[in-house]
Amino acid sequence: MILWLWLCWGFFSTSAGQPDSELMARYLEEKLMADYSIMEQVARRVPRQAKFLQRLETRPRMSEFTVRSTIISRYAFTTVSCTMVNSGSEAREGVFEMQIPAAAFISNFTMSIGNKTYYGEVTGKEKKHSSDDKARHKKPPSPTDGRENGYETFKASVFIPRKMQAKFLLHYEELLQRRLGKYEYTVSIRPQQLVGRLRVEVNILENSGIVSLEVPPLRNSKHKGNGKVEGDVSPPPSTVVGHTKTLAKVTFNPSVVEQTRIARNGILGDFIIRYDVNRELSVGDVQILNGYFVHYFAPTDLPPLPKNVVFVLDSSASMVGTKLKQTKEALFTILQDLRPEDHFNIIGFSNRIKVWQQDRLVPVTPNNIRDAKKYIHNMSPTGGTNINGALQTGAKLLNDYIAQNDIDARSVSLIIFLTDGRPTVGETQSSKILSNTKDAIRDKFCLFTIGIGNDVDHKLLERMALENCGMTRHFQEDDDAASHLKGFYDEIGTPLLSDIRVDYPEDNVEEVTQNFFPNYFNGSEIIIAGKLINHTSDSLHVEVTASNSKKYILLKTDVAIDLPSRNDIRGVPGLEDGKGDKNYIERAWSYLTIKELLNSRLKTDDNQEKDYLMEKAKSMALTYNFVTPFTVLKMREAGLHSEPPQEEFISPSTDGIGEKLQSLQGHKAPPGIRRQQDKQRIKISKTSADGDPHFVIDFPSSKFSVCFNIDGEPGDILRLVSDHKESGVTVNGQLIGAPAPPNGHKKHRTYFSTITILSNKPERSYLEITPRRVILDDGERLLLSCDRSAVVRSSSLEVSISANSNVTVTIRDTISFVILIHHYKKPAPYQRNHLGFYISNSKGLSSDSHGLLGQFLNHEVKLLQESLNTSHQQVGQNQTEALKPSPTTTLKVKGRLVPVVWKQRRIYNGQQEVDCWFAKNNADKLIDGSYKDYLASHPFDTGTSFGTINNL
């Protein structure tokens, strides 16, 4: 008998020039790819060797495993379809098992066995039954309790009659979270056997624009490693990736041969897609559909905030071996990534608590980093686990440091706590540890918790983090734990904003999800959703306030509430679920709301409040058919003659999708919708340089204005205000060229393309303003877009942007400049987008200020009228005018006589006319020196080496 088995196996193991695995795989592929309908299954002739394999087979074969997903604006709908065939002579148990993200909600499950169909009905969980009741009730299919690194296992088992098949359809939904600058969508492909037809199809629709789409190799570590494969970053075999600006389609369709090369046991691993969307510093991406909105906020180009961080590390005996070794490796790398402006300390704990630097946090210096690494290297595992004492020590250390030191008011303080076990020393009761920790922290900083291995108290770590504005992660003890720890630190290691608050008009919205966030970390994303209640309004006002380092930031805009038909994507094929239209924004709102209710219930100790939150979460879950901790999936028979379950999934069409789904970003309203304009008539001084460029100087005490032109060359940088020595303020403007209009007298036109402002007191700040963006650099660089309203405020400087209209710069509340933004929708060849510079308040500028405009701010001129002879008339006049003696108006400026003529100028985007006395010839004799004396060498040239003007 043993010899016969060996000979039969030898049939598959020998082949001319082919590996045994490939031969077996090719045979299985031909066998499994056959049609599995019941009638053909019975009638088909099967080779003798296949019959032998069938006799050995003890479980139904999986003929088809398909995953189809559609991601619309970060919200993912996933459908898993699986078909199993029992070709045996007796009924066999078929087990459908699927790992899904723990953050996902199951929304439907259907199975068909022969001619019977069963559908899942989401119902509220009943009170616990007695043991007799439990024995009489069959447990419905549901996610198992065991979580594995953020995943749950959904399992359903049925007996499949002989020569018949069973089909399973599982639907689940999730809102993708942004981490380290990417959204990650993961599908577990672990059918436990080779599959004849295996396919994964993912469609992504992001109207913001898809960037950096990548499909890494399959992640097949038992404990969900980080997916890094040395030397191989290519997608899995048979993967096809295609995308346009806003749409992407990714398919994975391996043959049985390709499956065998990956894993013979059918455990292929995790199929992963990572991507990001286009974004900028603004109020973010606000999308509105049928009375619901979702708001994604993830600014970029912000300088990081300084950190005050205390690492609290478990060094108890249970950390011996791999866990402590990997913790040390991760901390070595983390310490190296600390920034010079950060402060830190380290606490090791077991039954004893050891503080590296007593009663202080130390700055990041090479010596301190070296000494900290030595301390970590010398940590040895011993004793029990005093979690409560370690957290109390860490909180006191950080509280004392904040209270006793003049730290940056906008720095971010946090504790990073790591353990592998449960409390065994000191206070061991979880409720006491939670209350003690909350009392010690007092909402002054955040606590981030990390659990390693299978012995940690997950609920304790999760609740500690939730109650103290932090996050928690759990990692298994495997070869990738060190990179997991480093990856988690990378998520929280770069805070960009603090005290973020997002506000909407109270009479316009209701049931808004969390809108205050203590911190925003680089690479993450803030998501808010809500319902609209004012159906007559045509816009939604949005304001975001936050702190960044030494600056206060206010971003605001009005988002158009479009006509329902323009944002409606219900016409997209496959979107309907048979029960109602799936409004992806409404479902994202319900998803977020239920998650917040679950977290709130976890944090509270009040039983009455717990019951209220549970009932509210249960009611919403039943409304949206979500399986949650308070709802359960019960199977109902649909009837003997019902149709087998049909696969339903969302598949956005590329035809006209721009009209069906409109991502409303900022103030950009669609045609035909009235938009609130930010542009306002600015009541400021007429003293300005605008247009080609035309200069206007207002003399209020003399009750008249003077104007002149400067015919510069493209690329010239003009000194507009120069008061660097006294007030510390310098303003320069750079010219851009354009062709002259037809039949004009000029060879070309020039406009201001860039205005640069340098303020040197009390601290140095640089501003660069163009029609598209504003760059503020006061030691930390900040980029702002001109098409979004925003306010940035520091101790001595405020920059206010009115979207597509103007930028107001206020220095020490005594100096104000307004820069108008000129945009042309359809510019003529001689027009360019440009800037206009206006002086609003000059009280803080000294009497010695200079520049083309600055020299007139503290000086008066006199207006004279006299009859000049011909030679005098030739000054500033052409030959024809010289032949016509007439009274000429003259200005007396610093002892110089300047002939002028009466003119009218339009300023403020042509909204106001100014009567002025015009000086010709590039303001000859009106300004000190000549035009060339006002040319700067670079945009931030302060002119401190230029002494000729002040001496004139």
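Refer to the structure above for everything that follows.
Since the model is a prediction, treat every value here as computed from it, not as a measurement.

1. Topic: the sheet that holds strand S10 (residues 182-189)
Hydrogen bonding along the main chain pairs the strands of a sheet, whether they run parallel or antiparallel.
Here comes step 1: Taken together, the four strands give an open sheet; going across it, the order is S9-S10-S15-S12, and neighbouring strands pair in antiparallel fashion. The outermost strands of the open sheet, each flanked by one partner alone, are strand S9 (178-179) and strand S12 (210-214).
Here comes step 2: Both S9 and S10 contribute to a ladder of two bridges, which runs antiparallel. Residue Arg179 lies in a different strand from S10, and its bridge partner there is Lys182.

2. Quick notes on the packing of aromatic side chains
Here comes step 1: What the rule picks out here adds up to 26 aromatic pairs.
Here comes step 2: Arranged with centres 5.1 Å apart and planes meeting at 75 degrees, the rings of Tyr75 and Phe77 form a pair that is edge-to-face.
Here comes step 3: Centre to centre, the rings of Tyr75 and Tyr591 are 6.2 Å apart; their planes meet at 85 degrees, and the pair counts as edge-to-face. In this pair, Tyr75 is assigned in strand S2 (residues 75-86) and Tyr591 in helix H14 (residues 584-603), connecting sequence segments 516 residues apart. One exposure class covers both Tyr75 and Tyr591, and it is buried.
Here comes step 4: One aromatic cluster in this structure is built from Tyr75, Phe77, Phe105, Tyr292, Trp589, Tyr591, Tyr624 and Phe626.
Here comes step 5: Sitting over the face of the ring of Tyr296, Arg74 holds its NZ or CZ atom 4.0 Å from the ring centroid.

3. Quick notes on the pattern of salt bridges
Here comes step 1: This model, assessed by the stated rule, comprises 36 salt bridges.
Here comes step 2: Notably, a salt bridge pairs Lys486 with Asp490, separated by 2.5 Å at the nearest N-O pair. Remark: Asp490 and Lys486 occur in helix H12 (residues 481-492); sequence separation between them is four residues, near one turn of the helix.
Here comes step 3: On the basis of relative accessible area, Lys486 is assigned to the buried category, the value being 16%.

4. So, the state of the cysteines
Here comes step 1: By the definition in use, this model includes two disulfides.
Here comes step 2: Across the disulfide, Cys446 is cross-linked to Cys469 (sulfur-sulfur distance 1.9 Å). Judged by the torsion about the S-S bond (-110 degrees), the Cys446/Cys469 disulfide is left-handed. Here the residue Cys446 occupies a position in strand S23 (residues 446-452), and Cys469 occupies one in the loop between helix H11 (458-467) and strand S24 (472-475), the gap between them amounting to 23 residues.
Here comes step 3: A relative accessible area of 3% means that Cys446 is categorised as buried.
Here comes step 4: Looking at Cys469, the relative accessible area reads 36%, which means it is partly exposed.

5. Re the sheet that holds strand S16 (residues 285-289)
Here comes step 1: If you walk across this open sheet you meet the four strands as S16-S17-S28-S26, and the pairing is antiparallel. Pairing within the sheet leaves two strands with one partner each, and these edge strands are S16 and strand S26 (509-510).
Here comes step 2: Note that S26 and strand S28 (residues 526-532) share two bridges and pair antiparallel. By the bridge assignment for S28, Glu510 is matched with Lys531.

6. Examining the packing of helix H10 (residues 430-441) against H11
Here comes step 1: Between H10 and H11, whose axes approach to 10 Å, the crossing angle comes to 25 degrees. With respect to H11, the element H10 is oriented roughly parallel. In this structure, the crossing between H10 and H11 has a hand that is right-handed. Together, Ser430, Ile433, Leu434, Thr437 and Lys438 of H10 and Leu460, Arg463, Met464 and Glu467 of H11 make up the contact between the two elements.
Here comes step 2: In the contact of H10 with H11, the residues fall into four nonpolar, two polar and three charged.

7. Concerning unusual backbone geometry
Peptide bonds are, in most cases, trans, and in most cases residues other than glycine have a negative phi.
Here comes step 1: A cis amide bond links Lys761 with the next residue in sequence, Pro762, at an omega value of 0 degrees.
Here comes step 2: Among the secondary structure elements, Pro762 is positioned in the loop between strand S37 (748-759) and strand S38 (765-769).
Here comes step 3: Even without being a glycine, Lys163 presents a positive backbone phi close to 60 degrees.
Here comes step 4: Looking at where Lys163 falls in the secondary structure, it is placed in the loop between strand S7 (151-160) and strand S8 (164-175).
Here comes step 5: The backbone of Asp443 sits at a positive phi, close to 60 degrees, despite the residue not being glycine.
Here comes step 6: Locating Asp443 in the fold gives a position in the loop between H10 and S23.

Thresholds applied
Numbering of residues starts from 1 in each chain and follows the order in which that chain's sequence is written. Where local features are concerned, this predicted model is filtered to residues with pLDDT of at least 70; where side-chain atom pairs are given and counted, the filter is 80 or more; whole-chain, interface and lining totals use all residues. The basis for every side-chain value is the complete set of heavy atoms in the structure, and neither hydrogens nor water enter the calculation. By definition, two strands form a pair when at least two bridges between them are found by DSSP. Numbering of helices and strands starts at the N terminus; helices are DSSP runs of H or I of at least 4 residues and strands are runs of E of at least 2. Two rings from Phe, Tyr or Trp (for Trp, the six-membered ring) form a pair when their centres sit within 6.5 Å of each other. Planes less than 30 degrees apart are called stacked, planes more than 60 degrees apart edge-to-face, and all others tilted. Burial classification: accessible surface area is computed with a 1.4 Å probe over protein chains only, and a residue below 20% of its type maximum counts as buried, one above 50% as exposed, and the rest as partly exposed. Two limits define a charge over a ring: the Lys NZ or Arg CZ must be within 6 Å of the ring centre, and within 35 degrees of the ring normal. Any carboxyl oxygen of Asp or Glu within 4 Å of a side-chain nitrogen of Lys or Arg constitutes a salt bridge here. Sulfur atoms of two cysteines make up a disulfide when they are within 2.5 Å. The axes are straight lines fitted to the C-alpha atoms, using for helices just the contacting stretch, and the angles between their N-to-C directions are given from 0 to 180°. Relative orientations are named as follows: roughly parallel for angles under 35 degrees, roughly antiparallel for angles over 145 degrees, roughly perpendicular for angles from 65 to 115 degrees, and oblique for any other angle. Throughout, a crossing is termed right-handed when the near helix is turned clockwise from the far one, and left-handed when it is turned anticlockwise from it by less than a right angle. Contacts are assigned to residue pairs with any non-hydrogen atoms lying within 4.5 Å of each other. Each residue gets one of three labels, nonpolar for Ala, Val, Leu, Ile, Met, Phe, Trp, Tyr, Cys and Pro, charged for Asp, Glu, Lys and Arg, and polar for the others, Gly among them.

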